[in-house]
Amino acid sequence: MKVVVCRCEDVLESDLLSAISGGNEDIESLKRYTGFGTGVCQGKSCLVHVASILERTARKHPEDLAPFTPRPPVAPIPMRLLAAEDEDTVLHLCAKAPEGPPR
Amino acid sequence: MSLRMAVPPGSREALPEEADVLIIGGGIMGLATAYHAALLGQRNIVVIDKSYLCSGASGRNGGGVRMQWSSADAVDLMRASVEQCKSFAAEMGVNVWFRQGGYLFLVKNEALIPTLEKNVHTQNECGAPTKLISPSEAAELVPGLSVEGVHVASYNPEDGVLFPWPFIWGYAHRALELGVRIFTFVDVERFTLANRRISHVHTSRGTMRVGHVINATGAWSPKVSALAGLRLPNQPYRHEILTTEPLKPFLNPMVTILGEGIYFSQSMRGEIVGGMGDPAELPGENSSSSLDFIRRFARTATSLLPQLGNVQIVRQWAGLYDVSPDGRPILGEAEAVPNMTLLAGFTGHGFMMAPIIGKLAAERLVLGTKVSYFDKNGPDRFLDGIPENTESMIIG
């Protein structure tokens with residue numbers, strides 16, 4: 001059975017277990033080794049599962065597990081809002097959704 | 001992404017008492033050197049890093065690999081480095097998401113037109129297939145590109161991008177298989193010197209007797225050099241970078257404006273990865289993220305490629321360039337400390353150069369091969385003052 005832990009980047013529980021068994025017992029290393037937490041959710045849906053897998057398999061205490069460094073922005077922001085010169089432009093832009101590249 | 005390899009590093013063993021070759025810095029430069037040296041038969045190689053692997057610039061860069069440079073020796077080296085990248089996945093058994101979509105250099109500043117023309121000529125003489133192209137040809141390469149104000153451009157279809165992290169794991173994994181020992185979370189505290197040579201390295205996890213030391217610590221290399229009494233003029237500078245949500249492939253080349261510091265490309269994972277230097281940045285180890293950067297980037301990038309306006313930025317971070325005052329790396333040994341090899345001062349281009357520099361450094365170390373690029377860029381060149389910066393193809 002395949003258990004998907006990071007749905008943005010398709011990281012399986014078995015990928016994480018293999019990385020942990022090789023000595024990657026901290027969350028930053030696991031992120032770099034497996035790529036978990038680097039997708040659209042930025043770890044919001046997977047980080048807690050990874051922490052619990054580490055707790056279970058590497059016998060880590062939850063208080064010893066630091067999450068990876070949180071990076072801005074808190075939520076994804078379209079570039080047109082960041083490129084806007086002032087607040088009125090941002091509000092105006094939020095009211096309409098222009099065409100972007102294919103998703 | 002997932003990597004399926006047997007034994008990642010992160011070893012918790014005690015440090016050995018002795019290393020024939022101690023490589024300080026587990027970034028791409030140190031690990032590539034370790035791998036190639038082990039491949040050539042060097043025994044008892046130890047690599048130490050002060051944090052987790054990929055924690056420094058090797059895990060923070062934009063993954064660009066290019067042969068468009070202004071000096072012939074850099075073009076030659078980077079052609080060889082691109083060749084290494086092409087065979088890396090097969091040799092190392094790891095997907096590094098390497099894609100040769102080319103680099104597009106745009107020139108908006110009229111004063112830089114002759115610079116680009118001269119550089120393309122140099123690149124062609126070295127055998128790189130760079131072409132000088134018109135703004136309309138540039139627009140054909142990147143549908144939607146606004147070429148307003150662009151005078152001329154250059155394009156080399158063999159330049160490319162890769163995902164840096166698995167590159168590190170590829171070298172680390174193969175080096176481990178060849179008997180290299182890698183230790184993370186080890187701080188170097190001081191050196192003991194005897195007859196100008198480093199005899200012992202004292203770390204947070206014990207003392208090692210060493211035969212040869214390689215300083216591959218990137219932005220921290222001036223500090224490590226100073227532990228051996230060597231004062232070098234390279235300095236750390238923050239550079240910020242960001243990535244977007246993944247998109248279907250639509251952007252083939254890395255796009256950059258010569259002299260304006262902006263660059264962006266689409267990775268094989270689909271994200272737009274881009275950065276932009278800040279001329280006002282002061283030297284230092286600050287690696288925080290700023291709102292100013294993503295706003296400047298968004299303004300410049302969307303004016304160049306308006307369809308990016310609706311693309312969402314999901315993450316921004318920063319890393320440190322190891323900036324050399326003449327824009328050239330600092331390689332080899334100073335007379336003052338003959339058993340410490342510097343692989344430093346790459347000024348933001350260490351990752352792309354590491355595949356070839358690591359190989360050459362290993363050949364010098366193990367076989368005693370003479371490497372002219374090292375001889376020309378030795379640390380003692382600063383003894384008589386700072387040479388002029390002649391490299392005009394520096395981004396960021």
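Remember, it's a predicted structure, so these values are computed and weren't measured experimentally.

### Re the interface of chain B and chain A
Turning to step 1, where the next piece is worked out: With 44 residues of chain B at the interface, the matching set in chain A holds 41 residues.
Turning to step 2, where the next piece is worked out: Between chain B and chain A, a total of about 3,900 Å² is buried, with carbon and sulfur atoms accounting for 54% of that surface.
Turning to step 3, where the next piece is worked out: Between the two partners, chain B and chain A, sit one salt bridge.
Turning to step 4, where the next piece is worked out: Note that Glu9 of chain A and Arg269 of chain B form a salt bridge whose closest N and O atoms lie 3.4 Å from each other.
Turning to step 5, where the next piece is worked out: Here chain B and chain A share 14 residue pairs in polar contact (both at pLDDT 80 or more) between them.
Turning to step 6, where the next piece is worked out: Among the secondary structure elements, those contributing two or more residues to the side of chain B that touches chain A are helix H5 (164–177), helix H7 (291–304) and strand E16 (312–323) of chain B.
Turning to step 7, where the next piece is worked out: Here the side of chain B that touches chain A gets eight residues from one element, more than from any other, and that element is H7 of chain B.
Turning to step 8, where the next piece is worked out: Looking at the side of chain B that touches chain A, its residues break down into 24 nonpolar, ten polar and ten charged.
Turning to step 9, where the next piece is worked out: As defined by bridge partners, strand E3 (residues 77–78) of chain A adjoins E16 of chain B across two bridges and the pair is classed as antiparallel. Residue pairing for E16 of chain B: Pro78 of chain A is matched across the bridge by Gln312 of chain B.

### Looking at the domain arrangement of chain B
All names here are of chain B.
Turning to step 1, where the next piece is worked out: For chain B, the assigned domains read domain 1 (18–59 + 165–233 + 326–384) and domain 2 (100–159 + 235–322).
Turning to step 2, where the next piece is worked out: If you average the C-alpha positions of domain 1 and of domain 2, the two centres end up 30 Å apart.
Turning to step 3, where the next piece is worked out: For the pair domain 1 and domain 2, the summed buried surface comes to about 860 Å²; carbon and sulfur atoms form 50% of the total.
Turning to step 4, where the next piece is worked out: When the buried surface of domain 1 facing domain 2 is broken down by residue, Ala219, Trp220 and Gly348 rank first, second and third, together holding 40% of it.
Turning to step 5, where the next piece is worked out: Viewed at the interface, domain 2 and domain 1 are joined by one salt bridge.
Turning to step 6, where the next piece is worked out: A salt bridge links Glu285 to Lys223; its shortest N-O distance comes to 3.0 Å.
Turning to step 7, where the next piece is worked out: Linking domain 1 with domain 2 are six residue pairs in polar contact (both at pLDDT 80 or more).
Turning to step 8, where the next piece is worked out: Residue composition of the side of domain 1 that touches domain 2, by class: seven nonpolar, five polar and one charged.

### Comments concerning a negative patch on the surface
Turning to step 1, where the next piece is worked out: Negative charge collects at one region of the surface, where Glu85, Asp86, Glu87 and Asp88 of chain A lie side by side.
Turning to step 2, where the next piece is worked out: Mapped onto the fold, Asp86 of chain A is located in the loop between helix H4 (79–83) and helix H5 (87–95).

Analysis parameters
Residues numbered from 1 in each chain as written. Chains lettered and ligands numbered in written order. Predicted model: local features only at pLDDT ≥ 70, side-chain atom pairs only at ≥ 80, totals over all residues. Heavy atoms only, no water. Contact = heavy atoms within 4.5 Å. Buried area = accessible area lost by both parts, 1.4 Å probe. Salt bridge = Lys/Arg side-chain N within 4 Å of Asp/Glu carboxyl O. Polar contact = N/O pair within 3.5 Å; in protein donor to acceptor, adjacent residues only side chain to side chain. Helix = DSSP H or I, 4+ residues; strand = E, 2+ residues; numbered from the N terminus. Nonpolar A, V, L, I, M, F, W, Y, C, P; charged D, E, K, R; others polar. Pairing = 2+ DSSP bridges. Domains from an automatic or database assignment. Patch = residues over 30% accessible without salt bridge, like charges linked within 9 Å, V, L, I, M, F, W, Y side chains within 5 Å. Areas by Shrake-Rupley, 256 points an atom, 1.4 Å probe, with all protein chains shown as cover. Lys, Arg positive; Asp, Glu negative; His and termini not counted. Charge placed at Lys NZ, Arg CZ, Asp CG, Glu CD.

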